[in-house]
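So you can see what is in the structure, the chains are spelled out below.
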Amino acid sequence: MSGLTHLDEAGAARMVDVGGKTETSREAVAEGRITMSAEAAQAIAAGAVAKGDVLAVARVAGIMAAKRTSELIPLCHPLPLTKVTIDLSVEADGVSATATVATAGRTGVEMEALTAVSTALLTIYDMAKALDKRMVIGGVRLLTKRGGKSGDFTA
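Quick notes on the rules
Residues numbered from 1 in each chain as written. Predicted model: local features only at pLDDT ≥ 70, side-chain atom pairs only at ≥ 80, totals over all residues. Heavy atoms only, no water. Helix = DSSP H or I, 4+ residues; strand = E, 2+ residues; numbered from the N terminus. Buried < 20%, exposed > 50% of the residue type's maximum accessible area, 1.4 Å probe, protein only. Contact = heavy atoms within 4.5 Å. Arc of directions from axis to C-beta. Pairing = 2+ DSSP bridges. Core = buried A, V, L, I, M, F, W, Y, C linked by side-chain atoms within 4.5 Å. Salt bridge = Lys/Arg side-chain N within 4 Å of Asp/Glu carboxyl O.

Further remarks concern the environment of Glu91. Among the structural elements, Glu91 can be located in strand β2 (residues 81–91). With a relative accessible area of 29%, Glu91 lands in the partly exposed category. Along the sequence, Glu91 and Thr35 sit 56 residues apart, while their C-alpha atoms lie 9.0 Å from each other. Ignoring sequence-local partners within four residues, the contact set of Glu91 consists of Arg33, Ala41 and Ser96.

Here's what the structure looks like:
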């Protein structure tokens, strides 16, 4: 089990000790999409959803989620984030979301980016579910990561 860093020699869960690692600049970008009816997408684009400005609320929810990832994902380290952006694009049949998260720290921000994009999409679902209960969230994935011992990654 030596390849699984969140398990000790006996197979028990543990939080990885990153205390000896050097602080470096790190960034991760994640994406996802929510598909919906054309009517729901049009209402979001027009700002005509009864619950309010869906995109503004989703953006704030994604930022808040990135900041609280360690409270949601077991064994995740709390990180001092230096940047969180949520880009949302309304399309004919849904909304695409991209989250970019950065830190100067001892461990990466992939989980923060994935949590941010997932929460932004869940918020869109919550705010627009009265318009379309058949919405589908999918395609949530890491696009890129930069920095750290394992090097850079591009999907």
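The structure having been displayed, the exposition proceeds.
Turning next to helix α1 (residues 38–46). Residues Ala40, Ala41, Ala43 and Ile44 constitute the buried set of α1. Down the axis of α1, the sector holding all buried residues measures 160°, keeping them to one side. Counted as exposed and oriented over 90 degrees from the buried face of α1: Glu39, Gln42, Ala45 and Ala46. Where α1 is buried, its residues contact α2 (54–67), β2, β3 (94–105) and α4 (110–128). Backbone geometry just downstream of α1 places Gly47 in the positive-phi region, at approximately 70°.

Next up on the list: the side chain of Thr115. As for its placement among the helices and strands, Thr115 is situated in helix α4. With relative accessibility at 9%, the residue Thr115 sits in the buried group. For Thr115, the contacting residues outside a window of four places in its chain are Ala65, Thr69, Leu72 and Ile73.

Another point: unusual backbone geometry. Phi is positive for Leu75, close to 75°, though the residue is something other than glycine. As for its placement among the helices and strands, Leu75 is situated in the loop between α3 (69–72) and β2.

All right, on to the sheet that holds strand β5 (residues 153–154) then. With respect to topology, 5 strands assemble into an open sheet ordered β2-β3-β1-β4-β5, the strand pairing being antiparallel. Two strands in the sheet have a free side with no partner beyond their single neighbour: β2 and β5. The pairing of strand β4 (residues 136–146) with β5 spans 2 bridges and is classified as antiparallel. Looking at β5, one finds that Lys145 is bridged to Phe153.

Core analysis: the largest hydrophobic core is formed by 32 residues, its most contacted members being Ile34, Met36, Ile44, Ile86, Leu88, Val95 and Ile124. When contributions to this core are tallied by element, the ones reaching two or more residues are β1 (24–35), α1, α2, β2, β3 and α4. Beyond its immediate chain neighbours, meaning those up to four positions away, Val95 contacts Gly32, Arg33, Ile34, Met36, Ile44, Leu55, Leu88, Ser89, Val90, Leu121 and Ile124.

Note: β1 against β3, 12 bridges, orientation antiparallel. Across the sheet, residue Thr35 finds its bridge partner in β3, namely Gly94. Here β1 runs beside β4; their pairing, made up of 8 bridges, is antiparallel. Considered in β4, the bridge of Ala28 is made with Lys145.

Inspection of every chain in the model, using the stated rule, returns 7 salt bridges. Among the ionic pairs, Glu27 bridges to Lys83, the shortest N-O distance being 3.8 Å. Of this pair, Glu27 sits in strand β1 while Lys83 sits in strand β2, placing them 56 residues apart in sequence. Residue class for Lys83 comes out partly exposed when judged on its relative accessible area of 36%. Between Arg68 and Glu71 there is a salt bridge, with the nearest N and O atoms lying 2.7 Å from each other. The class for Arg68 is partly exposed, based on a relative accessible area of 44%. Taken together, the shared-partner salt bridges in this structure form one network comprising Arg33, Glu91 and Asp93.

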